Amino acid sequence: MTNKISIAIDGPAAAGKSTVAKIVAEKLSYIYIDTGAMYRALTYKAITNHCSLEDELELMKILNDTSMELLPGELGQLIYLDGQNVTNEIRSSEVTNSVSIVAKHKLVREEMVSRQQSFAKTGGVVMDGRDIGTHVLPEAEVKVFLLASVEERAVRRHNENIQKGFPSDLEKLIEEIALRDKLDSEREVAPLKKAEDAIEIDTTSLSIEQVVDEIMNLANERI
Ligand code: CDP
Ligand code: CDP
């Protein structure tokens, strides 16, 4: 009989977390949870409602009054707010450049972490984010911290934009990613940080397959 474990994948923006997490989850028939989508969805709703992103109590009201559903989709996780599919909307540059402000609030994080922990209760989960190994799943059997240089990460986002036919400015992407890294790493509550027992993988010159293989080896050792 195989043992269902939890796998935590953290790291900065565009390090490849969601791409590899999704593949690892498929290989193991585990559920995949993209926690960044939850912070993005709240940010999207707050912007749509013209709520100040500094107003923690108003953000909490929105979070508690909105139904948020995460569902598996063919191309990755889908996210619905009050029954509306907002999977594409939460990837807009407006949301991307505002989400770190929403994610710094203590009450918001407490509620998100509690929801994320309940998704992982049964085990058999691959979860990616910023604080999974440190706060959400501190007992995860496998913890990975993915890294890549800021230039490489910006190039990855740039290529994605070009593929989708979106306008893209590489220098601007470098600045935006560096700023988001700084906000996420320097916030007071659960900052982006490698857990002491996490394995660090620098993906700068690795292919997606190589990163997946490394994580699968770590997982198979624990299953
Ligand atoms: O995909 P990308 O790496 O660009 O970002 P994401 O995973 O969608 O996360 C968006 C933002 O949500 C991050 O920049 C963090 O501010 C926040 N976040 C967080 O604070 N904690 C998490 N567990 C996941 C995301
Ligand atoms: O979730 P996160 O923001 O960490 O990154 P992602 O959205 O999974 O990956 C960003 C982009 O980098 C995707 O287009 C991946 O295909 C690409 N990637 C890569 O080129 N090489 C890797 N080793 C990992 C991801």
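By the naming in an unreviewed UniProt entry, the protein goes by Cytidylate kinase and is assigned to Cytobacillus mangrovibacter. You can read under Sequence similarities (unreviewed entry) in the UniProt record for the protein the words "Belongs to the cytidylate kinase family. Type 1 subfamily." Checking UniProt for the protein, the heading Subcellular location (unreviewed entry) contains the comment "Cytoplasm".

Peer 1: Lay out the environment of Arg 40 in plain terms, naming residues and giving numbers.
Peer 2: Topologically, Arg 40 is positioned in helix H2 (residues 35-48). Taking the C-alpha atoms as reference points, Arg 40 and Asp 181, 141 residues apart in sequence, are found 15 Å from one another. The contact partners of Arg 40, leaving out residues within four places of it in the chain, are Ile 90, Val 95 and Val 99.

Peer 1: So, the site of ligand 2: which residues are in play, and what are the values?
Peer 2: What surrounds ligand 2 is a group of 15 residues, the closest being Gly 16, Lys 17, Ser 18, Thr 19 and Arg 156. Breaking the shell around ligand 2 down by element, the ones donating at least two residues are helix H1 (17-28), helix H8 (150-164) and helix H10 (208-222). Among the elements that make up the shell around ligand 2, the one with the highest residue count is H1 (three residues). Partitioning the shell around ligand 2 into residue classes produces six nonpolar, six polar and three charged.

Peer 1: Hey, could you go over the nonpolar core for me, with residue numbers and the actual values?
Peer 2: Ranked by internal contacts, the top residues of the largest apolar core, which has 55 residues, are Ile 9, Val 24, Leu 42, Val 126 and Met 127. Broken down by element, this core gets its largest block of residues, seven residues, from H2. If sequence neighbours within four positions are ignored, Leu 42 has contacts with Leu 59, Ile 62, Leu 63, Val 102 and Val 108.

Calculation notes
Counting of residues starts from 1 at the beginning of each chain's written sequence and follows it residue by residue. Following the order in which they are written, the chains are lettered starting with A and the ligands numbered starting with 1. Only residues with pLDDT of at least 70 get local features here, since the model is predicted, and only at 80 or more are side-chain atom pairs given and counted; chain-wide, interface and lining totals rely on the full set of residues. UniProt positions are given in the numbering used here, feature names are shortened, and annotations may be inferred rather than shown by experiment. To qualify as a helix, a DSSP run of H or I must reach at least 4 residues; to qualify as a strand, a run of E must reach at least 2; elements of each kind are numbered from the N terminus. Two residues qualify as a contact pair if the distance between their C-beta atoms, derived from the backbone, is within 7 Å. Any residue whose backbone-placed C-beta atom lies within 6 Å of a molecule or strand is treated as near that molecule or strand. For this classification, the nonpolar set comprises Ala, Val, Leu, Ile, Met, Phe, Trp, Tyr, Cys and Pro, the charged set comprises Asp, Glu, Lys and Arg, and every other residue, Gly included, is treated as polar. By convention the nonpolar core is taken to be a set of buried residues drawn from Ala, Val, Leu, Ile, Met, Phe, Trp, Tyr and Cys and joined through C-beta atoms within 7 Å. Counting other C-beta atoms within 10 Å of a residue's own tells you its class, since 20 or more makes it buried, 12 or fewer makes it exposed, and anything in between is partly exposed; those C-beta atoms are placed from the backbone.

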